[in-house]
Amino acid sequence: MSIIADDNDYKKVDINAKNPVIKPEAAEYDRNFENSIRPKSFDTYIGQSALKEALKITIEAAKKREKPLDHLLFYGPPGLGKTTLAGVIAEQMGVEIKITSAPALERPRDIIGILMSLKGGEILFIDEIHRLNKVAEEILYPAMEDFYLDMTTGKSQTVKTLRIPLPKFTLIGATTKAGELSGPLRDRFGIIHRLEFYTEEELSQVIKRTAGILEVEITDDGARAIARRSRGTPRIANRLIKRVSDYALVKFDGTINEKIANLALDVLSIDEYGLDSTDRGLLTAIIEKYDGGPVGIETLAAALGEDSRTLEDVCEPFLLQAGLLQRTPRGRKATPAAYRHLGYRNSTEQQNLF
Ligand code: ADE
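Residues numbered from 1 in each chain as written. Predicted model: local features only at pLDDT ≥ 70, side-chain atom pairs only at ≥ 80, totals over all residues. Heavy atoms only, no water.

Going by the annotation in an unreviewed UniProt entry, the name recorded for the chain is Holliday junction branch migration complex subunit RuvB, with Candidatus Scatousia excrementipullorum given as the source organism. Turning to the chain, the UniProt annotation filed under Subcellular location (unreviewed entry) states: "Cytoplasm". UniProt annotates the chain under Sequence similarities (unreviewed entry) with the comment "Belongs to the RuvB family." (UniProt positions renumbered as here; feature names shortened; annotations may be inferred.)

What follows is the structure in structure tokens.
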């Protein structure tokens, strides 16, 4: 589970060699691809500049004190680089990182096992930490605060508690939903940072860096055209560059320029805001089926045949940020901008212009 590697290692990763002819299961393929292009240092990590500066100071101070870092919590929409940043921190501290996610820590022995496997100074990264169950949380509290585990043995009258010391480690938690973290867990993180959506310029840089690793030719305009439709999210930008590169190779000579990028993105049904058919389906359902809202997320999910968590975690953050969706106490509403974007005249006159 170690993700420590040298930046030069990327050059050695041959995605095609690892995944020949037969297309592997998509999620697995995405993970391999993501890992192969992850930046490993602050110098190659693009964007989040204020956060990077703050982290560099924190790391420097911990090194001077010769102590592990305080526990850190990263929150923000998916795909902005929380796991990547944790890997960069480990690299910078010169320690190993063990990566897991809350749904994988279902039984007490899962979290106990991973805590007991840690060595001094190491980093434990728990993704989706808001999904940790109560028992796992209770185990984590003394481990985070005083570096010990309380284990009980025996039954009722003969029950004994064993206090097992743990090495001093750093927990890095990541969540898309900071609000769903319990108060006691949140309070145990010394450092809490929010990751922001990326600017078009930052995404262009990410795209050009990834193109370099994949040995794909891309012009500045081509990178910007993909960046414009990547919803402020490097994970999306990196996925799109692969798809656009396929298109450029099959239909043209392989080089991505602005015209080819736009053609390919149109074929992929990614519109000029970066919305895909699921995003547009969500907004269209609110407008056409629920009179623009408000409508509850579960009702919407059922109407769309989608998982409500996917809608909430993946689609909504960007729609909210782009001003296309509003969250109200009574449910979701489409904004006037959503009506305009989808070609409706206004929120009372639901006639599609196209
Ligand atoms: N790939 C994904 N996120 C990245 C980032 N922040 N910088 C560079 N490449 C990336």
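Still more to cover.
K.L.:
Before we go on, may I ask you to explain the site of the ligand in this structure?
P.N.:
Around the ligand, the structure places P39, T44, Y45, I46, Y198, V206, R209, P234 and N238. Note that a nitrogen atom of the ligand is positioned 3.4 Å from one of the side-chain N or O atoms of R209. If the ligand stood free it would expose 260 Å²; the protein chains cover 94% of that surface. Of all the secondary structure elements, the ones that give two or more residues to the shell around the ligand are helix 9 (200-214) and helix 11 (234-251). (Near = heavy atom within 4 Å. Polar contact = N/O pair within 3.5 Å; in protein donor to acceptor, adjacent residues only side chain to side chain. Areas by Shrake-Rupley, 256 points an atom, 1.4 Å probe, with all protein chains shown as cover. Helix = DSSP H or I, 4+ residues; strand = E, 2+ residues; numbered from the N terminus.)

K.L.:
Which parts of the structure should I look at to understand the sheet that holds strand 6 (residues 170-175)?
P.N.:
One key point about sheets: their strands pair by backbone hydrogen bonds, in either a parallel or an antiparallel sense. Spatially, 2-3-6-1-7 is the arrangement adopted by the five strands of the open sheet, whose pairing is parallel. Across the chains shown, the open sheet's two edge strands, defined by having one partner strand only, are strand 2 (97-101) and strand 7 (191-194). With direction set aside, neighbouring strand axes in the sheet form an average angle of 15°. Where strand 1 (residues 72-75) meets strand 7, four bridges bridge the pair, whose relative direction is parallel. The residue bridging F74 from the neighbouring strand is H193, located in strand 7. (Pairing = 2+ DSSP bridges. Axes fitted to C-alpha atoms, helices over the stretch in contact; angles between N-to-C directions.)

K.L.:
What is the right way to read the packing of aromatic side chains from this model?
P.N.:
Given two aromatic rings, their pairing is described by the distance between the two centres and the angle made by the two planes. Within this structure, the stated rule accounts for four aromatic pairs. Geometrically, the ring pair formed by F197 and F318 is edge-to-face, given 5.9 Å between the ring centres and 80° between the ring planes. Residue F197 is located in the loop between strand 7 and helix 9, and its partner F318 is located in helix 15 (residues 308-321); the two are separated by 121 residues in the primary sequence. On the basis of relative accessibility, which here comes to 12%, the residue F318 falls in the buried class. The ring of F33 carries the charged tip of K242 above its face, separated from the ring centre by 4.1 Å. (Phe/Tyr/Trp six-rings, centres within 6.5 Å; stacked < 30°, edge-to-face > 60°. Buried < 20%, exposed > 50% of the residue type's maximum accessible area, 1.4 Å probe, protein only. Lys NZ or Arg CZ within 6 Å of the ring centre and 35° of its normal.)

K.L.:
Is there a simple way to explain the UniProt feature "binding site: DNA" (unreviewed entry) in the chain in this structure?
P.N.:
Mapped onto this structure's residue numbering, the UniProt feature "binding site: DNA" (unreviewed entry) falls at R327 and R332. Looking at the element boundaries, R327 is found in strand 8 (residues 325-328). When its relative accessible area of 44% is taken as the criterion, R327 is described as partly exposed. Looking at R327, its side chain comes within polar contact range of the side chain of E316, at 3.0 Å. Along the chain, R332 falls in strand 9 (residues 331-334). For R332, a relative accessible area of 9% corresponds to the buried category. Excluding residues within four positions of it along the chain, R332 makes contact with I286, G292, G293, P294, V295, I297, L300, E312, E316, L325, Q326 and R327. (Contact = heavy atoms within 4.5 Å.)

K.L.:
Sorry, what's going on with helix 4 (residues 49-65) here?
P.N.:
Side chains of residues three or four places apart in an α-helix project in the same direction, reflecting 3.6 residues per turn. Relative to the 24 Å expected for 17 residues at 1.5 Å per residue, helix 4 spans 25 Å between its end C-alpha atoms, a close match to the ideal helical length. Structurally, helix 4 contributes buried residues whose contacts are with strand 1, helix 5 (82-93) and strand 7. Looking one or two residues beyond helix 4, the residue adopting positive phi is E66, at roughly 55°. (Expected span 1.5 Å × (residues − 1).)

K.L.:
Can you walk me through the UniProt feature "binding site: ATP" (unreviewed entry) in the chain in this structure?
P.N.:
Mapped onto this numbering, the UniProt entry gives "binding site: ATP" (unreviewed entry) at I37, R38, G79, K82, T83, T84, E145, D146, F147, R188, Y198 and R235. Summarising the element assignment, K82 is placed in helix 5. Overall, the relative accessible area of 8% leaves K82 in the buried class. Apart from residues no more than four positions distant in its own chain, K82 is found in contact with F74, Y75, G76, P77, F125, A174, T175, T176 and L195. Judged by relative accessible area, which is 9%, T84 ranks as buried. Ignoring anything within four residues of it in the chain, the contact list for T84 reads R38, P39 and Y45.

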